[in-house]
Amino acid sequence: MRTILLHLLPASLYAGVGLLFWRSCMRGDAGLAIRRECMTARERVALLIALLAHGLALHVAIFPGTEMRFGFGVALSLMVWLAICFYWVETLYTRLDGLHAVVMPAGIVASLVPLVFPGEHVLANAGSPAFRAHFVVAMLAYSLFTLAALHAMLMAVAARQLHNARFSRLLSGLPPLLTMEALLFRLISIAFVLLTLTLASGVLFSETLFGQALRVDHKTIFAFISWLLFGGLLVGRRLWGWRGRLALRWTLAGFVALMLAYVGSRFVIEIVLERTG
């Protein structure tokens, strides 16, 4: 019961923040014009409280005792939590009101996923400093790519509405598409560096643990496919000015490959194999 309440609390708080944003948007264009900050102080504090509650629930789920447990549900929840943390920091510098429409529902779902898929996978070598460094960098990379994917999907919706000359009030607080595109590539650039460090440290860690430099399995293959896709996107952006739909497609393709690298593998092991075995 205590565990359920720990996950229901952040979900309720995310829903409350989303309601605050929705009510402020429904006040009309005049009300939106008065809002000079990218997020009101009340919304920012409420979101911070939701993040703290979400973080506490994740800590209890990952460290139920002296061991470290990490499964599909917790992995997905942790990545979204870190992504929302980056989003919260980004709102201090950039007006991103319209992103609430994507971020808050994602936070609600991410808070509840560990209840459906708790996962009982105990991580070996969790006490190793090398493993912990690899784990932290990987989660940071995954969370930034998660935020980039959500950002790309919102850009696609905004671009389609702008093309059809029908821009909903809910998305009217978004910054210009060029600003959003610049933010997207900033997220991808930082995340790509972290992913590169993740793969490099993974190779070193694998050599120390298994006695071989690289384990060729589906996780490794999808991780490198994702790295190639995002690397190709950044090269295309720099050399040929890739943008718009092409950039969004590459972003989503790289994100899907990245999710298949770890989250997908954990899902198959925990949900498909364990329940059919």
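Predicted, not measured: the structure shown is a model, and the values here were computed from it.

Conventions adopted
Residues numbered from 1 in each chain as written. Predicted model: local features only at pLDDT ≥ 70, side-chain atom pairs only at ≥ 80, totals over all residues. Heavy atoms only, no water. Helix = DSSP H or I, 4+ residues; strand = E, 2+ residues; numbered from the N terminus. Buried < 20%, exposed > 50% of the residue type's maximum accessible area, 1.4 Å probe, protein only. Core = buried A, V, L, I, M, F, W, Y, C linked by side-chain atoms within 4.5 Å. Expected span 1.5 Å × (residues − 1). Phe/Tyr/Trp six-rings, centres within 6.5 Å; stacked < 30°, edge-to-face > 60°. Lys NZ or Arg CZ within 6 Å of the ring centre and 35° of its normal.

Undergrad: Looking at this structure, how should I read the side chain of S143?
TA: Along the chain, S143 falls in helix α6 (residues 129-163). A residue is classified by how much of its surface remains accessible, and S143, at 0% relative accessible area, is buried.

Undergrad: I'm lost on the nonpolar core in this one. Help?
TA: Nonpolar side chains tend to gather and get buried jointly when the protein is soluble and globular. L47, F70, L78, M139, Y142, F145 and I188 are the most contacted members of the largest nonpolar core, which has 60 residues in total. When residues of this core are traced back to their parent elements, those giving at least two are α1 (2-25), α3 (41-62), α4 (72-90), α5 (100-116), α6, α7 (177-210), α8 (218-240) and α9 (244-261). At 14 residues, α6 tops the list of elements feeding residues into this core.

Undergrad: Just checking my understanding: could you explain α3 for this structure?
TA: Side chains of residues three or four places apart in an α-helix project in the same direction, reflecting 3.6 residues per turn. Given a rise of 1.5 Å per residue, 22 residues ought to cover 32 Å, and the 31 Å separating the end C-alpha atoms of α3 matches this to within 8%. The complete set of buried residues in α3 reads E43, R44, L47, A50, L51, A53, H54, G55, A57, L58 and I62.

Undergrad: I tried to follow the packing of aromatic side chains on my own but got confused; where do I start?
TA: The geometry of an aromatic ring pair comes down to the distance between the two centres and the angle between the two planes. The full count for this structure, using the stated rule, is four aromatic pairs. Ring geometry for F145 and F230: centres 4.0 Å apart, planes at 20°, overall stacked. In this pair, F145 sits in helix α6 while F230 sits in helix α8, placing the two residues 85 residues apart along the sequence. With respect to class, F145 is no different from F230; both count as buried. The interplanar angle of 50° and the centroid separation of 5.0 Å between the aromatic rings of W242 and W250 together place this pair among those described as tilted. Three or more aromatic residues joined by ring pairs make a cluster, and in this case those are W240, W242 and W250. We note R237 situated over the ring of F185; from NZ or CZ to the ring centre the distance is 4.2 Å.

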